[in-house]
Amino acid sequence: MMKSHDYWVDDSLVLQAGCVHGWFWLVEDTAYVRVFISDVNDNRPTFARADYEVAVEEDADVGLAILTVSANDGDEASLVTSDRFFGVAVTASDPDKDANQEALRYSLHGQGADSEFIIDKGTGKIYAQRTLDREERTVWRFVVMATDEGGEGLTGFTDVIINVWDINDNAPAFTCAPSCHGEVAENSPPGTSVMEMTATDLDDAAVGHNAVLSYRIVGCVDTTGGGGGGDGDDDANANAAVATGAAGVGVSTHMDMFSINSTTGTIAVAAAGLDREQTDAYLLVVEARDGGGMTGTGTATIRVKDLNDHAPVFAEHACLARVSEKADINAEVLDLSAVDRDAGENAQLTFSVVAGDPEQKFYMVSHRQEQRGSLRLKKRLDYERPSEQRFNLTVKVEDLDYSSLLHCVVEVEDYNDHVPVFIPHFLSLGPLPEDIAMGTSIARLAASDSDSGQNRELTYGLLDESDPDGMFAVDQAGVLSVARPLDREASPQHHLVVIATDHGVPPLTGSATVQLSLLDVNDNGPEFEAVYAPVNGPPFHFSVPPDYRHGNDFYLQDNLNGTATLTALRTFDRRARRSS
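A few points on the structure. (Residues numbered from 1 in each chain as written. Predicted model: local features only at pLDDT ≥ 70, side-chain atom pairs only at ≥ 80, totals over all residues. Heavy atoms only, no water.)

## As for the overall build of the chain
Counting its secondary structure elements, the chain contains two helices and 40 strands. Here the chain has roughly 33300 Å² of accessible surface; of this, 51% comes from carbon and sulfur atoms. (Helix = DSSP H or I, 4+ residues; strand = E, 2+ residues; numbered from the N terminus. Areas by Shrake-Rupley, 256 points an atom, 1.4 Å probe, with all protein chains shown as cover.)

So this is what it looks like as C-alpha cells:
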C-alpha cells in the first residue's frame with residue numbers, strides 16, 4: 001500500500017487487478033478485489049466537554065456521589081451519557097470501531113485526589129471522602145482521565161471543577177477575643193465612642209445572610225463590687241452577666257451606661273455619670289448574631305480613666321507633735337497622710353510647710369505615691385528662745401490641680417543643755433570671829449538655770465573637798481551658815497565651793513567660790529615655847545617681873561603647886577599693839 005487509510009474514511013477498498021500474456025496476440029483479463037479495512041485502537045476516548053463544573057453543599061454526606069463522569073470509546077461503539085449529580089454530566093467517547101466501552105477505566109488526578117475525593121474506576125462516579133468545608137476551601141480542581149482497553153490503551157481527559165456551596169455552619173467570633181479592652185475618661189458625655197467590638201463570620205457573605213451580623217449588649221457588670229463582686233474575676237463576672245441576660249431578668253443596673261451600634265459594633269457612652277471613683281471598670285457581654293440565627297459572645301473590658309476631679313484631704317483633722325530641742329537635723333518630727341480618690345499621677349501628692357515657720361526650721365519630705373509626708377527638722381532648735389518653744393505650722397498637700405491645708409502644732413521640749421550659773425561666781429566675805437555661833441548665816445548664794453521644768457530645779461550643796469570637816473552648811477535656799485565651831489588657830493581661812501545641781505537627766509552642776517577668813521579671839525593661854533626645867537627643882541614660886549609688877553594689864557597668881565595662873569585684866573587689840 002502506498003499510503004495509510006483511516007477506518008472512519010474508508011472502511012473498505014475495491015481493487016482492480018488485470019493480466020496480459022502472448023507475443024503476437026495479447027490476451028488480457030481484469031478482476032476486482034474488495035479489501036475490508038479492520039479498525040485498530042488509534043483513537044483516544046474523548047469527553048463531550050473539555051471541563052465540567054458542579055456545585056456541592058459543604059455539609060454533603062460523606063460517601064455521596066458528587067458526579068459521574070463517563071467516557072465512550074468512539075471506535076464503533078455507542079455514546080454513553082454519565083449520570084447527573086448536582087446538574088452536571090461528564091461524558092467521553094472512543095471513536096474506535098471495535099472499542100469495548102466497558103473497558104474504559106477512570107482515574108482522578110490533581111487537588112484532593114485520593115485524599116478528599118475518590119473515583120470509581122469502572123463507573124466514573126466521584127465521591128467525597130469527608131465532609132467538605134467551604135471556609136477551608138471554596139473550589140476544588142482536578143483532572144479525570146479515561147483510558148480504554150482496560151486502562152492499558154489510549155487516554156483522554158477532562159477538567160472537573162467542584163464549587164463548595166456555603167451553609168450557615170459558623171457562628172460569629174469576635175476578632176479581639178479573648179482580650180477585648182477599651183477605655184473611656186470619667187465624666188465623658190453620652191455619645192462618646194469607646195471601642196470597636198466587631199466580629200467575623202467565616203460563612204460566605206455573598207450567599208444569603210449567613211455572614212450578615214448584628215450586635216447587642218446582653219450583660220454588663222462593674223468590677224468594683226457594684227455588679228459583680230469586685231474580685232477581679234472577669235470571666236466569672238462575665239458568665240454571670242450572660243446567665244442573667246439569657247434569663248431576661250435583672251441583667252444589671254449598669255446596662256444603661258453603654259450602648260452598641262447594632263450594625264458596626266461600636267460601643268459608646270449612653271448615659272452621663274461615669275465616675276471612676278465609684279466604678280473603675282465595666283465588663284460588657286456583647287452578642288453578635290448572623291442572619292441564620294447563630295450567635296457568638298465576647299467580653300469587653302472597659303476601664304474608666306481617671307480625671308483629676310478630687311482634692312486631696314488630710315487623714316487627720318488636727319495634729320500635735322513634740323520634738324526635743326536636742327533633735328538632730330533631718331530628724332522626723334511628724335508623719336502625715338492624705339487621701340486622694342483619684343488615681344495614677346492625679347493621686348501623687350506633694351507636701352509642704354506654707355506658714356508658721358519664718359526661720360525655716362522645718363521641711364517636708366513627700367512620699368508621693370504612698371500619699372504621705374514626713375515633717376523633718378531643717379535647723380537645730382533652742383528651747384531657751386521663746387520663739388522656738390512652740391510652732392503653729394500650716395501644712396499643704398496638693399496634687400496637680402487641687403490642695404488642702406492642715407494646721408499643726410509642734411511643741412519643743414526642753415533638753416537639759418544649760419548648767420546652773422551663780423552670779424557672782426566668786427564671793428569674798430569679811431573676816432568672821434572664830435567664835436561665831438553655830439547656825440549663823442554668813443552669806444546667801446543664788447544660781448539660775450536657763451532650762452525649764454525639772455531641768456531648772458536646783459539642789460544646793462558644798463563640795464566635800466572644799467569643806468572636809470563639815471564646818472559649814474548650805475540650805476536649799478542657798479543660805480551659807482556655820483555648822484560647827486570654828487578655830488582660827490586650826491584654819492585661819494576657808495575657800496568654800498558651793499554647788500548647784502539641776503534635776504535634769506543627766507544632771508548638770510554649776511559652782512561658786514566663797515572665800516572667808518577668821519578673826520582671832522583670846523581663847524588660848526600662853527605657852528612656853530620650850531619646856532621649862534629649873535636647876536634647883538621644886539618647889540617653885542611664880543611672880544611678875546619687877547617692870548610689870550605694878551601694871552594694870554595682867555595679874556599673876558601663884559597656885560603654890562608648881563603652877564601659876566596669868567589673867568588678862570583688859571581687852572587687847574593686836575593690830576593696835578603691832579602698830580605701836
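## Notes on the sheet that holds strand 10 (residues 139-147)
With mixed pairing, four strands are arranged side by side in an open sheet as 4-11-10-7. Among the strands making up the open sheet, the edge pair consists of strand 4 (51-57) and strand 7 (105-110). Mean inter-strand twist for the sheet, computed between neighbouring axes without regard to direction, equals 30 degrees. Alignment of strand 4 against strand 11 (residues 155-165), held across seven bridges, turns out to be parallel. If you follow glutamate 53 over to strand 11, its bridge partner there is isoleucine 161. (Pairing = 2+ DSSP bridges. Axes fitted to C-alpha atoms, helices over the stretch in contact; angles between N-to-C directions.)

## Structural notes on the state of the cysteines
Scanning the model with the defined rule gives two disulfides in all. Sulfur-sulfur distance for the disulfide between cysteine 176 and cysteine 180 comes to 1.9 Å. One quick way to see it: the torsion about the S-S bond of cysteine 176 and cysteine 180 is about 95 degrees, and its sign makes the bridge right-handed. For cysteine 176, a relative accessible area of 22% translates into the label partly exposed. Cysteine 180 gets classed as buried once you look at its relative accessible area, which sits at 3%. With cysteine numbering restricted to those in disulfides and following the sequence, the chain has the pairing 1-2, 3-4. (Disulfide = S-S within 2.5 Å. Buried < 20%, exposed > 50% of the residue type's maximum accessible area, 1.4 Å probe, protein only.)

## Considerations on the packing of aromatic side chains
Tallied over the entire structure, the rule returns seven aromatic pairs. Ring geometry for phenylalanine 117 versus tryptophan 140: centroids 5.5 Å apart, planes at 80 degrees, classification edge-to-face. One end of the pair, phenylalanine 117, is in strand 8 (residues 117-119); the other, tryptophan 140, is in strand 10, and 23 residues separate them in sequence. Neither phenylalanine 117 nor tryptophan 140 differs from the other in exposure class; each is buried. An aromatic cluster is present here, built from Phe117, Trp140 and Phe142 joined pairwise through their rings. The aromatic ring of tyrosine 415 is capped on one face by lysine 326, whose charged end is 5.5 Å from the ring centroid. (Phe/Tyr/Trp six-rings, centres within 6.5 Å; stacked < 30°, edge-to-face > 60°. Lys NZ or Arg CZ within 6 Å of the ring centre and 35° of its normal.)

## A look at unusual backbone geometry
Of note, the amide linkage connecting isoleucine 423 to proline 424 takes the cis form, showing an omega dihedral of -5 degrees. Along the chain, proline 424 falls in the loop between strand 29 (421-422) and strand 30 (426-428). Cis peptide bonds are those with omega within 30 degrees of zero, and the linkage from valine 505 to proline 506 qualifies with -5 degrees. For proline 506, the location among the structural elements is in the loop between strand 37 (493-502) and strand 38 (509-519). We note that glutamine 371 has phi near 55 degrees; this positive angle belongs to a residue other than glycine. Position of glutamine 371 among the secondary structure elements: in the loop between strand 25 (362-367) and strand 26 (372-377).

## Quick word on a nonpolar patch on the surface
Together, Val419, Val421 and Ile423 line one region of the surface with nonpolar side chains, adding up to about 270 Å² of accessible area. With respect to the helices and strands, isoleucine 423 occurs in the loop between strand 29 and strand 30. Its relative accessible area of 68% is what places isoleucine 423 among the exposed residues. (Patch = residues over 30% accessible without salt bridge, like charges linked within 9 Å, V, L, I, M, F, W, Y side chains within 5 Å. Salt bridge = Lys/Arg side-chain N within 4 Å of Asp/Glu carboxyl O.)

## Focus: the pairing of strand 9 (residues 125-128)
Burial of the side chains of strand 9 is restricted to one face: Ile126 and Ala128 are buried, whereas none of Lys125 and Tyr127 on the reverse face is. Bridging between strand 8 and strand 9 involves three bridges; their strand directions are antiparallel. Note that in strand 9 the partner of isoleucine 118 across the bridge is tyrosine 127. The antiparallel hairpin formed by strand 8 and strand 9 contains five residues in its connecting segment, where glycine 124 sits at a positive phi of about 80 degrees.

## Overview of the pattern of salt bridges
Counting across every chain of the model gives 19 salt bridges. In this structure, glutamate 411 and arginine 322 form a salt bridge, with 3.3 Å as the shortest nitrogen-oxygen distance. Placement of the pair is glutamate 411 in strand 28 (residues 403-413) and arginine 322 in strand 22 (residues 319-324), with a sequence separation of 89 residues. Two residues, arginine 385 and glutamate 359, come together in a salt bridge whose shortest N-O distance is 3.2 Å. Here glutamate 359 lies in the loop between strand 24 (350-355) and strand 25 and arginine 385 lies in the loop between strand 26 and strand 27 (390-398), a separation of 26 residues in the sequence. Linked by salt bridges that have partners in common, Glu359, Lys361, Arg385 and Glu388 make up one network.

## Quick notes on the side chain of asparagine 170
On the secondary structure map, asparagine 170 appears in the loop between strand 11 and strand 12 (173-174). On the accessibility criterion, asparagine 170 (16% relative accessible area) is buried. For asparagine 170, the side chain forms a polar contact with the side chain of aspartate 169, separated by 2.8 Å. (Polar contact = N/O pair within 3.5 Å; in protein donor to acceptor, adjacent residues only side chain to side chain.)

## What to know about the environment of valine 207
Within the secondary structure, valine 207 is located in the loop between strand 15 (199-200) and strand 16 (214-222). A sequence separation of 41 residues divides valine 207 from aspartate 166, and the C-alpha atoms of the two residues are 6.9 Å apart.

## A word on the sheet that holds strand 20 (residues 295-305)
Note: strands within a sheet are paired through backbone hydrogen bonds, in either parallel or antiparallel orientation. Spatial strand order, 13-20-19-16: four strands in an open sheet with mixed pairing. Each edge of the open sheet carries a strand with a single partner, namely strand 13 (180-185) and strand 16. Going from strand to strand, the sheet's axes swing by 30 degrees on average, the running direction of each strand aside. Bridging between strand 16 and strand 19 (residues 281-289) involves eight bridges; their strand directions are antiparallel. Bridge assignment links glycine 219 to a residue of strand 19, and that residue is valine 285.

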